[in-house]
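# Results of the structural survey
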Amino acid sequence: MKSVQDDTGRRYLLLKRSDSASLVRDPENGNECYIQNDRLEVVDEESPLETAARSVGDPVLTLLTNVHDEETLGLLVELAERGPLGVRTLLDGYDFCESDLHGRLTVLTAAGLLEETEVAGERGYRLTEDCETALETIRPSLEATDETATTDPE
């Protein structure tokens, strides 16, 4: 399988090639179609798996590729629930040593998931809009959870 793009720059996964046309799949919606070979070119700098990953939205893809453990994901969830938090609050409230917390905050900030802010006159962090979007996508809504908990099964 190879990554290809058409003459408009849209990328596809090449499934089958014949003399005149190729069967391709759009990674964003899964649709398959034939495109004339003279409109396609191979994309060498992107693997087919990277092309397939395009079906995941940018905020979620950024979250998935930059959060490598449950503690880091938990840190983002806590910031989503509690709002911006100061560095001292994070150090006091969670089991992070200073260097470990600093490393995680640096990676998440560089990825565009967190941004530095001021909390009670001190340095703190808050989620970016992209991070909020990603977390909303992967977490069940609180309303659905509350509704399920209060619904009588009979």
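Preceding this paragraph is the structure being described.
Residues numbered from 1 in each chain as written. Predicted model: local features only at pLDDT ≥ 70, side-chain atom pairs only at ≥ 80, totals over all residues. Heavy atoms only, no water.

Attention now moves to unusual backbone geometry. The phi angle at Ala120 is positive, at roughly 50°, despite the residue not being glycine. Checked against the element boundaries, Ala120 lands in the loop between β7 (114–119) and β8 (122–127). Judged by its relative accessible area of 81%, Ala120 is exposed. (Helix = DSSP H or I, 4+ residues; strand = E, 2+ residues; numbered from the N terminus. Buried < 20%, exposed > 50% of the residue type's maximum accessible area, 1.4 Å probe, protein only.)

Quick look at the sheet that holds strand β4 (residues 32–36) now. Read across the sheet, five strands follow the order β4-β3-β2-β1-β5 without closing on themselves; strand pairing throughout is antiparallel. Strands with a single pairing partner mark the edges of an open sheet, and in this sheet they are β4 and β5 (40–42). The sheet shows a mean angle of 45° between the axes of neighbouring strands, direction not considered. In this structure, strand β1 (residues 2–6) lies alongside strand β2 (residues 11–17), joined through four bridges in antiparallel fashion. Its bridge partner being in β2, Lys2 is matched across the sheet by Leu14. (Pairing = 2+ DSSP bridges. Axes fitted to C-alpha atoms, helices over the stretch in contact; angles between N-to-C directions.)

When helix α6 (residues 129–138) is considered as a whole, its buried residues turn out to be Cys131, Ala134 and Leu135. Angularly, the buried residues of α6 cover 95° about the axis, an arc narrow enough to put them on a single face. Of the exposed residues in α6, the ones pointing more than 90 degrees away from its buried face are Glu129, Glu136 and Thr137. Buried residues along α6 sit in contact with α2 (58–66), α3 (70–82) and β8. (Arc of directions from axis to C-beta. Contact = heavy atoms within 4.5 Å.)

Linkage of β1 to β2, two consecutive antiparallel strands, is achieved through a turn of four residues, within which Gly9 is found at a positive phi near 95°. Hairpin remark: β2 followed by strand β3 (residues 21–25), antiparallel, with three residues in the connecting loop.

Strand order in the open sheet formed by three strands is β6-β8-β7, with antiparallel pairing between adjacent strands. Whereas interior strands pair on both sides, the edge strands pair on one side only; in this sheet they are β6 (85–86) and β7. Of the strands in this sheet, β6, β7 and β8 are in contact with α3, which crosses β8 at around 95°.

Turning to the nonpolar core, a few remarks are in order. Within the largest apolar cluster, 21 residues are counted, with the highest numbers of intra-cluster contacts made by Leu75, Leu76 and Leu114. Within the residue set of this core, elements represented by two or more residues are α2, α3, α4 (87–93), α5 (98–110), β8 and α6. Among residues more than four places away in sequence, those in contact with Leu114 are Leu76, Leu79, Leu105, Leu108, Thr109, Tyr125, Arg126, Leu127 and Thr128. (Core = buried A, V, L, I, M, F, W, Y, C linked by side-chain atoms within 4.5 Å.)

Between α2 and α6, whose axes approach to 8 Å, the crossing angle comes to 85°. On the basis of their axis angle, the class for α2 and α6 is roughly perpendicular. In contact with Pro59, Val60 and Leu63 of α2, α6 contributes Asp130, Thr133, Ala134, Leu135, Thr137 and Ile138. Here the contact of α2 with α6 is composed, by residue class, of six nonpolar, two polar and one charged. (Parallel < 35°, antiparallel > 145°, perpendicular 65-115°, else oblique. Nonpolar A, V, L, I, M, F, W, Y, C, P; charged D, E, K, R; others polar.)

The next subject is the pairing of β7. Sheet topology places β7 next to β8; six bridges connect them, and they run antiparallel. Its bridge partner being in β8, Leu114 is matched across the sheet by Leu127. Where β7 folds back on β8, the antiparallel hairpin that results is connected by two residues, among which Ala120 adopts a positive phi of roughly 50°.

This part takes up the pattern of salt bridges. Applying the stated criterion to the full structure yields twelve salt bridges. Put simply, Arg104 and Asp69 hold a salt bridge, and the shortest N to O gap is 3.1 Å. Here Arg104 is found in helix α5, whereas its partner Asp69 is found in the loop between α2 and α3, with 35 residues between them in sequence. Among the salt bridges present, the one from Asp100 reaches Arg104, with a minimum N-O distance of 3.2 Å. One end of the pair is Asp100 and the other is Arg104, both in helix α5 and four residues apart, which spans about a single turn. Here Asp100 falls in the partly exposed class, since its relative accessible area comes to 29%. Taken together, the salt bridges that share partners define one network made up of Arg11, Glu45, Glu46 and Arg54. (Salt bridge = Lys/Arg side-chain N within 4 Å of Asp/Glu carboxyl O.)

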